[in-house]
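Spelled out, the chains give:
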Amino acid sequence: MTLALVAGCSSSGSGGGNGGSSSGENATSKRFPVNVNAAGTPKRGGTLHMLGVGDVDYMDPNIVYYTTGYLAARMYSRQLITYPAVVGKTTSVVPDIATQVPSTSNGGITDGGKTVKFTIKKGVQWDTTPARQVTAADEVRGLKRTCNPAQPFGGMPDFESLIVGMQAYCDGFAKVSAKSASAIAGYQNSHDIAGITVDPSDPQTVVFKLTSPASYFVDMTSLTAFSPAPKEYDKYIPAGAEQAQHTISDGPYKITKYNPTKEIDFVRNPAWNASTDTVRKAYVNAVVVNETGNQDSIQTQLAANTAGADMEWDTFPPNTAIPGLIQKKDKNLNINPEFSSNPYIVFNTVSPNNGGALKSVAVRKALSEAMVREHFTVDLAGSAIAPPLTHVLPQGISGTQSNTDPNPFTSDVSKAKKDLAAAGHKQLAIKILYRPDSSTSKAIYLTLNQDLSKAGIKVTGVSASNADFYVKYLEVPSVAKAGTWDISIAGWGPDWYGDSARSFFAPLFYGNGGKSGSAFPPNGSDFGFYDNPKVDALINKASTQASAAAAAKIWAQADKLVTNDAAIFPITADNQALYHASHVHNTIPIAALQQIDPTNVWLSS
């Protein structure tokens, strides 16, 4: 998933997936125990004030693909399965609106792993007038919306070719007018996906048919893309501005005000039935999000327990403040493993600048040689927060090369100059896309400027707001192809936890020549348009393995190949620092949200 800049796991578990705490989570917890701030008896009531610097990508659970959007969705949208706010189990899936996590032992997985069933709990309701039961038909509608032509879900490569008939459905959907809500709804309601159906014997049960066994499928259904959608959404263009003002909740809170980039107000959803939700306690009566702050002032307000300042939204403690907070063992600080590559540097291979130089592996390698990973680690508050990562998969992800270093090149400015010259580019002028509102993004940009300049490379900064960075730049193909940027600073974490290597490779590196299923934007997050048929073949092969162990060996091969191609420049498998005011309790970080879970905190004042 796309992450907010600084800002799963290989293990055994119950149910259909491989959820559970990873070695990375355990190692971090031993060094930085989770500061839950659980003193006292949980108290209901009050308003939680969250402070941030930017907005969600989309206020649409089937389309959202940015961690801040996931954070909002946690309050108004529920999924088939999700992650609990339980220390040590925050990457282990549990039922949400589903009655159980499907497995072969409970009958939820049959046909050799190619049929998976979920039954939706009775009493899960939409906030409509009158309140209405969420059904399996709503679940089918939600999945149909994901590949709409206006704004498809960014992780479509995760499952588009896995579910029977979905690729053909999506190919047809792409031909529908993206500007007509009625045309979009008309296609959805007149075309079926063979592999997503309502069980004819039970309107509460949805049946998934897969093209091949996939050990990761159940874990993957924790994605918000697998959220049900009410029929009322047919009135609006998916992820559009009008739809964002007409969200319908099946979660503990509903949205009463959404002023993009300014404010979001949540209040209790009267249709929410706590007996159906074992994940969200919903202690506070309301949540008010202010998106107009800046990182330094937010940290100051939280540390001072200022009125109206309770918790972070899409921001984090400034990197300069973290060492001091760690040293004094500040009880309001949480450091949580993300199992992510955040931040990393992506090369725009379709940029026409410099005669299309970045299309060349040799040029990308030379640029990588000019970058010094240790310099970035300093920017990121040191190795405790930013342990170095030299390849694609971080520790804790099945297939990671934790015991080897496939990085084929090291930092060497002199060699970078020679290799650039040998590739026919003695001089380069590089445009770097970054977010000045993020202290991390800004620091990485300044360091990149210094490192590349030493190699004789001219650097120009292209600044973008947090709200615009993805939706107006990285996710828009024409922007990359126009050469608006050559290098960008992005962040990535697994779309799900458990057997999750595919959630790195399919959305980030599955080029497929730009054909059906490609991860090129806007259908995926291959922001630099990297394309290697050998990598595509390895992704396809690993994704159809019956065993996670067999798949892990193939993912390791893909990791080495992508790294050798210098598709990206990895920096760190980060540990995320989070901060809150002293009167906020039960402060449990959820890696999938890149934040403390707001649906489970309570306030003592």
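Structure first, text after, so check above.
These numbers come from a predicted model, not from an experiment. Here the residue numbering is sequential within each chain, running from 1 through the sequence in written order. pLDDT decides what is reported in this predicted model: residues at 70 or higher carry local features, side-chain atom pairs at 80 or more are listed and counted, and totals for whole chains, interfaces and linings draw on all residues regardless. The side-chain numbers reported here are obtained from all heavy atoms of the structure, hydrogens and water having been left aside.

Undergrad: Is there a simple way to explain the overall build of the protein in this structure?
TA: Comment: elements are numbered from the N terminus, with helices defined as DSSP H or I runs of at least four residues and strands as E runs of at least two. Looking only at helices and strands, one finds 19 helices and 24 strands in the protein. Between the two quantities, the radius of gyration covers C-alpha atoms and the globule rule is 2.2 Å times the number of residues to the power 0.38. Over its C-alpha atoms the protein spans a radius of gyration of 23 Å, differing by no more than 12% from the 25 Å that the globule rule assigns to 605 residues. Over its C-alpha atoms, taken along the principal directions, the protein stretches across nearly 70 × 55 × 45 Å. For the protein, the residues scored as buried account for 62% of the 605 residues in total. Here the accessible surface of atoms and residues is derived via Shrake-Rupley with a 1.4 Å probe, and residues count as covered only by protein chains that are part of the display. Just so you have it, the protein exposes about 20500 Å², and 52% of that area is on carbon and sulfur atoms. The convention is simple: Lys and Arg are positive, Asp and Glu are negative, and His and the chain ends are not counted. One atom stands in for each charge, and that atom is NZ of Lys, CZ of Arg, CG of Asp or CD of Glu. Side chains of the protein give 50 positive and 50 negative charges; the mean places of these two sets differ by 2 Å. Only protein chains enter the accessibility calculation, which uses a 1.4 Å probe. A residue is then buried if its area is under 20% of the maximum for its type, exposed if over 50%, and partly exposed in between.

Undergrad: Can you help me understand the nonpolar core in this one?
TA: In this text, buried Ala, Val, Leu, Ile, Met, Phe, Trp, Tyr and Cys residues form a nonpolar core when linked through side-chain atoms within 4.5 Å. Grouped together as the largest cluster of nonpolar side chains are 128 residues, with contacts concentrated most on Phe159, Phe208, Phe217, Phe226, Phe266, Phe505 and Phe509. No other element matches helix H2 (residues 67–76), which puts 6 residues into this core. Any two residues whose heavy atoms approach within 4.5 Å at even a single point are treated as in contact. Apart from the residues within four sequence positions on either side, Phe208 is in contact with Leu80, Lys114, Thr115, Val116, Phe118, Glu139, Leu143, Ile163, Gly195, Ile196, Phe217 and Phe226. The next biggest cluster of nonpolar side chains, apart from the first, holds 29 residues, and it includes Tyr434, Ile444, Tyr445 and Phe569.

Undergrad: What exactly am I supposed to notice about the packing of helix H4 (residues 166–173) against helix H5 (residues 181–190) here?
TA: Each pair of packed helices can be summarised by the angle the axes make with each other and by the distance between the axes. Viewed as axis vectors pointing N to C, H4 and H5 meet at an angle of 155°, and their least axial separation amounts to 11 Å. Comparing the axis directions of H4 and H5 gives the class roughly antiparallel. Regarding H4 and H5, the two cross each other, and that crossing is right-handed. Taking contact as the criterion, the partners of Ala168, Tyr169, Gly172 and Phe173 in H4 are, on H5, Ile184, Tyr187 and Gln188. Residue classes in the contact of H4 with H5 are distributed as 5 nonpolar, 2 polar and no charged. What counts as an axis is a line fitted to C-alpha atoms, over the stretch in contact for a helix, and the angles between N-to-C directions run from 0 to 180 degrees. To sort the angles, those under 35 degrees are grouped as roughly parallel, those over 145 as roughly antiparallel, those from 65 to 115 as roughly perpendicular, and the leftovers as oblique. By convention, the crossing between two helices is left-handed when the near helix turns anticlockwise from the far helix through less than a right angle, and right-handed when the turn is clockwise. Just so you know the grouping, Ala, Val, Leu, Ile, Met, Phe, Trp, Tyr, Cys and Pro go in nonpolar, Asp, Glu, Lys and Arg go in charged, and all remaining residues, Gly too, go in polar.

Undergrad: Looking at this structure, I do not really get the sheet that holds strand E8 (residues 196–198). What am I missing?
TA: Strand pairing in a sheet relies on backbone hydrogen bonds, with the paired strands running either antiparallel or parallel. What the 4 strands build is an open sheet, ordered E4-E5-E9-E8; its pairing is antiparallel. On the outer flanks of this sheet lie strand E4 (109–110) and E8, each paired with one strand and no other. Alignment of strand E5 (residues 115–119) against strand E9 (residues 205–209), held across 5 bridges, turns out to be antiparallel. Looking across to E9, one finds that Phe118 is bridged to Val206. Note: two strands are recorded as paired if DSSP finds a minimum of 2 bridges between them.

Undergrad: I tried to follow the packing of aromatic side chains on my own but got confused; where do I start?
TA: Aromatic ring pairs are defined here through the distance separating the ring centres and the angle between the ring planes. Put simply, two rings from Phe, Tyr or Trp (the six-membered ring, in Trp's case) pair if the centres are within 6.5 Å, and we call them stacked under 30 degrees between planes, edge-to-face over 60, tilted for the rest. All chains considered together, the criterion is met by 23 aromatic pairs. With a centroid separation of 4.7 Å and an interplanar angle of 20°, the aromatic rings of Phe173 and Tyr187 are classed as stacked. Taken as a pair, Phe173 in helix H4 and Tyr187 in helix H5 lie far apart in primary sequence, 14 residues in all. With respect to class, Phe173 is no different from Tyr187; both count as buried. Centre to centre, the rings of Tyr470 and Phe527 are 5.8 Å apart; their planes meet at 50°, and the pair counts as tilted. One end of the pair, Tyr470, is in helix H15 (residues 466–474); the other, Phe527, is in the loop between helix H17 (502–509) and helix H18 (533–543), and 57 residues separate them in sequence.

Undergrad: So what exactly am I meant to see when it comes to the pairing of strand E11 (residues 263–268) here?
TA: Consecutive side chains along a regular strand alternate between the two faces of the sheet. Relative to E11, strand E10 (residues 253–259) runs antiparallel, the two being bridged by 6 bridges. Its bridge partner lying in E11, Asn259 is registered against Glu263. Counting the residues between successive antiparallel strands, the hairpin from E10 to E11 contains 3 residues, one of them, Thr261, with a positive phi of roughly 70°. The sheet contact formed by E11 and strand E12 (residues 286–290) spans 5 bridges and is antiparallel. Residue pairing across strands places Asp265 opposite Val288, the latter belonging to E12.

Undergrad: What am I meant to see in H15 here?
TA: Those residues of H15 that fall on the buried side of the exposure criterion are Asn466, Phe469, Tyr470 and Leu474. In a view along the axis of H15, the buried residues occupy a sector of 70°, so they form one face of it. Taken together, the buried residues of H15 touch strand E16 (429–434) and strand E18 (487–492). Each C-beta atom gives one direction from the helix axis, and the arc is the one those directions make.

Undergrad: Explanation requested: the sheet that holds E18 in the structure shown.
TA: In spatial order, the strands read E17-E16-E18-E15-E19; together these 5 strands make up an open sheet with mixed pairing. Only two strands of the sheet have a single neighbouring strand rather than two, namely strand E17 (458–463) and strand E19 (568–570). Strand-to-strand twist of the sheet, defined as the mean angle between neighbouring strand axes without regard to direction, takes the value 30°. As judged from the 3 bridges shared by strand E15 (residues 341–347) and E19, these two strands associate in the antiparallel manner. Within E19, the residue paired with Tyr344 across the bridge is Pro570. Across the sheet, H15 lies against E16, E17 and E18, angled at about 115° from E18, the strand it touches most. Sitting on the sheet, H17 is in contact with E15, E18 and E19, with an inclination near 150° to E18.

Undergrad: I'm lost on the environment of Tyr579 in this one. Help?
TA: Along the chain, Tyr579 falls in strand E20 (residues 575–579). By relative accessible area, which is 2% here, Tyr579 ends up buried. Along the primary structure Tyr579 and Ala592 are separated by 13 residues, whereas in three dimensions their C-alpha atoms are 17 Å apart. Discounting chain neighbours no more than four positions away, the residues touching Tyr579 are Gln299, Leu302, Ala303, Glu312, Pro317, Leu325, Asp330, Asn332 and Leu333. As used in this structure description, the phrase polar contact means that two N or O atoms lie within 3.5 Å; if the pair is within protein, one of them must be able to donate a hydrogen and the other to accept it, and residues adjacent in sequence are counted only when both atoms belong to side chains. Reaching out from Tyr579, the side chain makes a polar contact with the side chain of Asp330 at a distance of 3.0 Å.

Undergrad: Any chance you could explain the pattern of salt bridges here in plain terms?
TA: Between side chains of opposite charge, pairing is possible as soon as their charged atoms come close. Basic side-chain nitrogens of Lys or Arg form a salt bridge, by our definition, when they fall within 4 Å of a carboxyl oxygen of Asp or Glu. Taken as a whole, this structure holds 16 salt bridges when the rule is applied. Residue Lys254 is joined to Asp127 by a salt bridge in which the shortest nitrogen-to-oxygen separation is 3.9 Å. Of this pair, Lys254 sits in strand E10 while Asp127 sits in the loop between strand E6 (125–126) and strand E7 (132–133), and the two are 127 residues apart along the sequence. Classification of Asp127 by relative accessible area gives partly exposed; the value is 23%. In this structure, Lys257 engages Glu263 in a salt bridge whose closest nitrogen and oxygen atoms are separated by 3.2 Å. With relative accessibility at 22%, the residue Glu263 sits in the partly exposed group.

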